[in-house]
Every structure is written in structure tokens, then in C-alpha cells.
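Each chain is listed here by its residues.
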Amino acid sequence: MTYRERDLLYNEKLGGTIQQKLVSGDESNETTRLQNKPVKLQPSWEENNLSDAELNFKNLTMDEASLQICTPPDKYSFVYIIFLIHGIATLLPWNMFINAISYFIEHKLAKDNIGFDFPYVSNFMQILTFCSQVPNVIFNWFNIFVPLKGDLTLRIMWSIAINIMLFIITVALAMVNTSQWPYEFFYITMLSVVILNMANGVYQNTVYGMAAKLPPKYIGAVILGNNICGTFITIVCIASNYISASKKMAAIWYFITALFVLLIGFDTYFALPLNRYYRHYDLKEKKQQEQRKTVDNTIERPPYLYILKKAWPQMYNVFITIFATLAVFPSIHAAIKVSDKNFFIQEKFLYTQVLCFLTFNVFAVLGNILTNVYIWPSKKYLWIPTTLRLLYIPFYLFCNYQPPHEITRVLPVFITNDYVYWAVAATMAFTSGYFSSVAMMYTPSTVESQYASVAGMFAGASLISGIFGGILISFLWPWFITHVGW
């Protein structure tokens, strides 16, 4: 009931009272008294009779009340672009280090540089990925069930600040001559990777939780940023190697690029609270939190088991899509060699950068972009295409996969046409970007709006778990191709 309707109702009641007094014979005195004395609405009357909807605007400024009533537009897609930037920044550490593998094993730890065969060169990628993903997975899940004290601003601010500091150390290591202390360089690098991914686990999970407050396309923006990150870093890697005169200078410019992107992410995050579109959804979530307060004035813990029960089908889709991708990328994908002597790319470095990293990242971005236009299939049937993607694993194993270790392959090579391999690689990347985005967008909508943020964090943790699971099983493939054959 509006204020105007309440005033009319009050006047009607007042009129009835006057009529009764007229009938009783006190009309002249009562009429004179009412004409000389103004009608006042008591504060207690307003407190006790306002509806819940109207009381929602108590203790709010006019601007906040306006934001709760109307959803302002996302002008110039400003908020969308910010989440896209953070999508790039969250996967930046992982992409920077895996694309710089030649810098580590062919320059810093190469025999020509240090004077002996460094023992960890042969499985450097496996050690690097293990040090990256174990802390990432642990802190993604930790951030859900044991939230860190402080608001989201502090979490993201400190996460990005730690990333920036560690990349400064990485640039400094690239500048100095480490040939006299290769073991120290190796351990410092791996320790920095561990700490960096601990911070990044909190950062990535928090960004997904923030995006889940907003409409589904904003989670899609984070996924799009993840895929753009890979494309961007691949291009930077190729450019730095071809422009710079030495691997040292190439590495310096390459890692400085990461610092530049992280600084942009740091700055743009503080623009979010100033944006009316983001504040509308932020106030909406805070209102829901106020409604969930218990008697002792503390926020009730989310029902994690209930959310898991509702969201697990889409969490499975996120996990299995990323698992199938990381089971072959980059471990198998980057180790596939050219088969046809007439293929237009023969150079080892360029073949891997173009057919593996560039192809994967470009088509993953295209798949992600398509979700803004068309979404298929429905939540009920999404598990079918995501599970079928596991067939990419045997396909890649039957390509000309040659691990860096000097081992004899027993499993036969059936895919000898580089164009066929390239075409299937493009579909693998496209479906990875598309179905992972669809599943991530579906997950928050499986629960009530007040739990969407937690569901989004579960989806983010499922994505990281898929990465970790895919990387773990990729350790099996070198043994598999040397022991399984017919």
C-alpha cells in the first residue's frame, strides 16, 4: 500500500469518526476543534503500519534507495570489461610460466649455460605445473569453506599485490646471471610459483564469487578473459622472442608485460564500487545477507551441502570439460611434432606456438564469445557433450606425440596429416571455451539468488580442480605410449 492510499484510508476513518460525533449532538464543538487543530501522523503509527517493502528503504540514502528500485544500465559495458580484465589477470601466472618453458630449460638451466646436465630439466614442465596447481586448488576450496577475514576488496588487493611482487622478483632473476647457482635459481623459481598460486587461488575464486552476483554473462566475461589471456601471452611470447636480440631480453620484456596487466587489474578493481550498475547488485546481495542474520546478529553460514546438491551437475560439467582439455593441453599438445615434410610450418618453435598455443587460445575465445549469442544445450543435457569430449584424449595420443624425453614410442601414430590434427585441435579448443562457459553460467542459477555467489565460487573451484586433475593424468601419457602398442 502506498503512502497516498494510507492517507486516503486515514481520512476516511477520520470522516467516519466525525459523522458519529455529529449524530451524538457534539457536531459544533467537534467541528470547530478539528478545524482549528491540524491532523498529525504519529511516528509510532508509521513504524507499526509500513509494509516490509517500504521499510526496506529505511536508513538508506536517496541514491541507495534509487539503486534498489531500478537496475541502471552497464554503460559502455564498463563492468563487463573490468571482469574480462580480471579474467585475464587470474590466469596470467599460469600462462606466463608454461609459455616461458624454453626460457627455463634452454637458457637458464641449459647445459651450455651452467656446464652440466641439470637433473630437473627433463620433467621441468611437470614440476612447474604441480607447484602451480596444488596450492591453487587448495586455496580455491579453502576460500569457500573458511572465508578469510576482511571484505572482498582486501582479498583481491593483497592477492594482486603478491602477484606483482613475485613477478618483480622473476624479472630480477631474468636480469642477473644465475649460471653459478642453478639449484638456487630453480628452488627460488618454484617457491615463487607456489606462493604466487596460493594468492592466485584466493584471487580467482573471489572474482568468480563477485561475478556470480551479476547476470550470467559476467561469469562468461571472466571465462572469456581466461581464454584471451592465453592468446595474449602466446602472442607476447612469440613477439618477444623474435624482436629481442637475446633470450635474456626476451624474458625481461615478457615478464614485464605481466606486471603491466596486473597493475591494470589492480586499478580497475577499485572502479567497481563507483559504478552504479555494480552497486545495484552489490546492495541487493547485502540486503539478502541482512535478512539472513541470526538472533545474535551474525551472518548465517551458507548451507553448503544444499548448494552442492543443487549445483553438482553443472559443477561436473565444468570439471569434466576442463579435465578433458588439460589432460592433453599443453602436455601432449605442445609435444606433437610436424609429420608432413610439405607442411607450411617446419620450424619446431613456430609449429608449437601456432598449432598448439595460438590455435587453442584463439578458438577457445571464439567458443566463449558464442555463449553471448547462443546457448546450447539445456542444463539437463549439457553432461552429454561435455563427457564426449573425453574422446579427444585418445585422438591426441595417436597423433605424432613425441615427449621431450629420449624415449622410444611403442603406440603407433595414426594421425599423420598435420591439417587433420590442426582442424581437430581447433574443435577441441572451441568446445572447451564454449561448454566451460555455458556450465559456469548455468551454475549460479541452480540455487536461490542469495546463494548464487557461493555457487559461483563452487564453479570456480571445480574449474581449478579440473585443471589439476587433467594435469595429474597427463603424467601418465609418456609411460602409456612406451608400454601400450599393437
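Given the structure is predicted, the values throughout are model-derived calculations rather than measurements. (Residues numbered from 1 in each chain as written. Predicted model: local features only at pLDDT ≥ 70, side-chain atom pairs only at ≥ 80, totals over all residues. Heavy atoms only, no water.)

Here's the deal with the pattern of salt bridges
Inclusion rule: We define a salt bridge as a side-chain nitrogen of Lys or Arg found within 4 Å of a carboxyl oxygen belonging to Asp or Glu. Strands here are runs of E lasting at least two residues and helices are runs of H or I lasting at least four, both read from the DSSP assignment and numbered beginning at the N terminus. Working definition: with a 1.4 Å probe on protein chains only, accessible area under 20% of the residue-type maximum means buried, over 50% means exposed, and in between means partly exposed.
Overall, the coordinates contain one salt bridge when judged by the stated rule. In this structure, Lys213 engages Asp282 in a salt bridge whose closest nitrogen and oxygen atoms are separated by 2.9 Å. With Lys213 in the loop between α12 (182-211) and α13 (217-243) and Asp282 in helix α15 (residues 276-291), this residue pair connects regions lying 69 residues apart in the sequence. Of the two residues examined, Lys213 and Asp282, each falls in the buried class.

Re the side chain of Ser132
Selection criterion: Identification of polar contacts relies on pairs of N or O atoms within 3.5 Å, with a donor-acceptor requirement for protein atoms, meaning one able to donate a hydrogen and the other able to accept it, and with residues adjacent in sequence counted only if both atoms are side-chain atoms. Residue contacts follow a heavy-atom distance rule, with two residues in contact if any of their heavy atoms lie within 4.5 Å.
Relative to the helices and strands, Ser132 is located in helix α10 (residues 124-145). A distance of 2.8 Å separates the side chain of Ser132 from the backbone oxygen of Leu128, its partner in a polar contact. Excluding residues within four positions of it along the chain, Ser132 makes contact with Trp94, Val193 and Asn197.

Concerning the nonpolar core
Note the following rule: Buried Ala, Val, Leu, Ile, Met, Phe, Trp, Tyr and Cys residues that are joined via side-chain atoms within 4.5 Å together make up what is termed a nonpolar core.
One finds Phe83, Phe167, Phe255, Tyr396, Tyr421 and Leu463 to be the most contacted residues of the largest nonpolar core, which totals 115 residues. By size, the runner-up hydrophobic cluster in this structure holds twelve residues, among which are Ile144, Ala311, Val454 and Ala461.

Digging into the confidence of the model for the protein
The criterion, for reference: Every residue gets a pLDDT, meaning the predictor's confidence in that residue, from 0 to 100.
For the protein, the mean per-residue pLDDT works out to 83, and 82% of the residues sit at or above 70. Per-residue pLDDT, averaged within each element of the protein, yields its smallest value for helix α3 (residues 43-49) (43) and its largest for helix α18 (residues 383-388) (98). Segment residues 14-28 is flagged for pLDDT under 50; beyond a separation of four residues in sequence, or across chains, it makes seven contacts in the model. Within the model, pLDDT remains below 50 along residues 37-55, and this stretch shows 17 contacts once partners closer than five positions in the same chain are excluded.

Looking at α12
In plain terms, the rule: Given the number of residues in a helix, its expected span is that number minus one, multiplied by 1.5 Å.
For α12, which comprises 30 residues, the first-to-last C-alpha distance of 42 Å matches the rise-based estimate of 44 Å (1.5 Å per residue) to within 8%. For α12, the tally of buried residues reaches 22 of 30 residues, placing the bulk of the element in the interior.

Some remarks on α15
Its 16 residues place the ends of α15 23 Å apart at the C-alpha level, agreeing with the 22 Å of an ideal helix rising 1.5 Å per residue. The complete set of buried residues in α15 reads Tyr277, Tyr278, His280, Tyr281, Asp282, Leu283, Glu285 and Gln288. Near the N-terminus of α15, the side chain that reaches the backbone nitrogen of Tyr277, with its oxygen 2.9 Å away, is that of Asn275.

Things to note about the side chain of Thr325
Positionally, Thr325 belongs in helix α16 (residues 304-326). With a relative accessible area of 2%, Thr325 lands in the buried category. Sequence-distant contacts of Thr325, defined by excluding residues within four places in its chain, comprise Phe360, Arg389, Met428 and Ser432.

Comments concerning the packing of aromatic side chains
In plain terms, the rule: Each aromatic pair joins two rings of Phe, Tyr and Trp (for Trp, the six-membered one) with centres within 6.5 Å, and gets the label stacked for planes under 30 degrees apart, edge-to-face for over 60, and tilted for any other angle.
One pass over the structure, following the stated rule, counts 45 aromatic pairs. For the ring pair Tyr103 and Phe104, a centre distance of 4.8 Å and an interplane angle of 65 degrees mean the geometry is edge-to-face. On the basis of relative accessibility, which here comes to 1%, the residue Phe104 falls in the buried class. Ring centres of Tyr218 and Tyr277 lie 5.6 Å apart, and the angle between their planes is 35 degrees; on these two criteria the pair is classed as tilted. Of this pair, Tyr218 sits in helix α13 while Tyr277 sits in helix α15, placing them 59 residues apart in sequence. Of the residues examined, Tyr218 reaches a relative accessible area of 0% and is grouped as buried.

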